[in-house]
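Residue-level structure breakdown
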Amino acid sequence: MAVTGDETETGSAADLTTCQLRNPSCSHPQVVSEASAYSSKKSIEDALQKREHRLMKNREAARECRRKKKEYVKCLEDRVAVLENQNKTLIEELRALKDIYRHKVE
DNA sequence: TAGACGTAGCGTCATGGGGC
DNA sequence: GCCCCATGACGCTACGTCTA
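Residues numbered from 1 in each chain as written. Chains lettered and ligands numbered in written order. Predicted model: local features only at pLDDT ≥ 70, side-chain atom pairs only at ≥ 80, totals over all residues. Heavy atoms only, no water.

Some words on the overall build of chain A
Our working rule: Strands here mean DSSP runs of E at least two residues long; helices mean DSSP runs of H or I at least four residues long; both are numbered from the N terminus. Burial status follows relative accessibility: with a 1.4 Å probe on protein chains alone, a residue under 20% of its type maximum counts as buried, one over 50% as exposed, and anything between as partly exposed. Residue contacts follow a heavy-atom distance rule, with two residues in contact if any of their heavy atoms lie within 4.5 Å.
Of regular secondary structure, chain A possesses three helices and zero strands. Written out in order from the N terminus, the α and β elements of chain A read α-α-α. Counting the 106 residues in chain A, one finds 13% classified as buried. In chain A, of all internal contacts separated by at least 6 residues, the share reaching a separation of at least 24 is 49%.

Details of the UniProt feature "coiled-coil region" (unreviewed entry) in chain A
Put simply, the rule reads: UniProt positions are given in the numbering used here, feature names are shortened, and annotations may be inferred rather than shown by experiment.
Feature annotation in UniProt assigns "coiled-coil region" (unreviewed entry) to the following positions: residues 66–100. The straight-line gap between the two end C-alpha atoms of residues 66–100 is 51 Å; of that span, 100% is helix and 0% is strand.

A closer look at a nonpolar patch on the surface
Our working definition: Nonpolar side chains (Val, Leu, Ile, Met, Phe, Trp, Tyr) are joined into patches within 5 Å and like charges within 9 Å, using only residues with over 30% relative accessible area and no salt bridge. For the area figures, the Shrake-Rupley method with a 1.4 Å probe applies, and any residue is considered shielded solely by the protein chains shown. Basic side-chain nitrogens of Lys or Arg form a salt bridge, by our definition, when they fall within 4 Å of a carboxyl oxygen of Asp or Glu.
A cluster of nonpolar side chains, namely Tyr72, Val73 and Leu76, defines an oily patch on the protein surface of about 280 Å² accessible area. Within the fold, Leu76 resides in helix H3 (residues 41–105). Residue Leu76 is classed as partly exposed on the basis of its relative accessible area of 41%.

A word on the pattern of salt bridges
One pass over the structure, following the stated rule, counts four salt bridges. A salt bridge links Lys74 to Asp78, with the nearest nitrogen and oxygen atoms 3.1 Å apart. Of this pair, Lys74 and Asp78 are both found in helix H3, four residues apart, which corresponds to roughly one turn of the helix. Of the residues examined, Lys74 reaches a relative accessible area of 46% and is grouped as partly exposed. The class of Asp78 is partly exposed, set by a relative accessible area of 38%. Overlapping salt bridges, with partners in common, bring together Glu64, Arg67 and Glu71 in one network.

Overview of the confidence of the model for chain A
Selection criterion: Confidence scores per residue from the predictor, reported as pLDDT, run from 0 to 100.
Counting all residues, the mean pLDDT for chain A is 70, and 62% of those residues have values of 70 or more. Counted against residues more than four places away or in other chains, residues 1–38, with its pLDDT under 50, gives 56 contacts.

Printed below as a string of structure tokens:
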């Protein structure tokens, strides 16, 4: 998993870094400045909880997104296989018809 | 057998779009 | 505007395969 010291997000009250989540005693400067924006311990806990919830939701969304993408790619691959078969069949059919036509002309 | 390399899967972040 | 969701991008780990 990629965890760098400078991870931040913008705009939300749940802005706390991953390093603080993993190590509550983290004194990373950004964490300190962000955490100081909260008036009480309660609101910090609240923000952490919100962040955790958001990360969990996004984790699940990413998993689902990958699953759908894989399914889509599989679908395309199957379609390619079907079309290739159809193409082969049509080419052979055309060849056979050309043969018949040639014999009639001769 | 150790190291290089390729691939799959994962978590996180950033961002755009839609709903309210 | 704010919130939520979907998704691309990135970095990391685990694992399999190849080669010296």
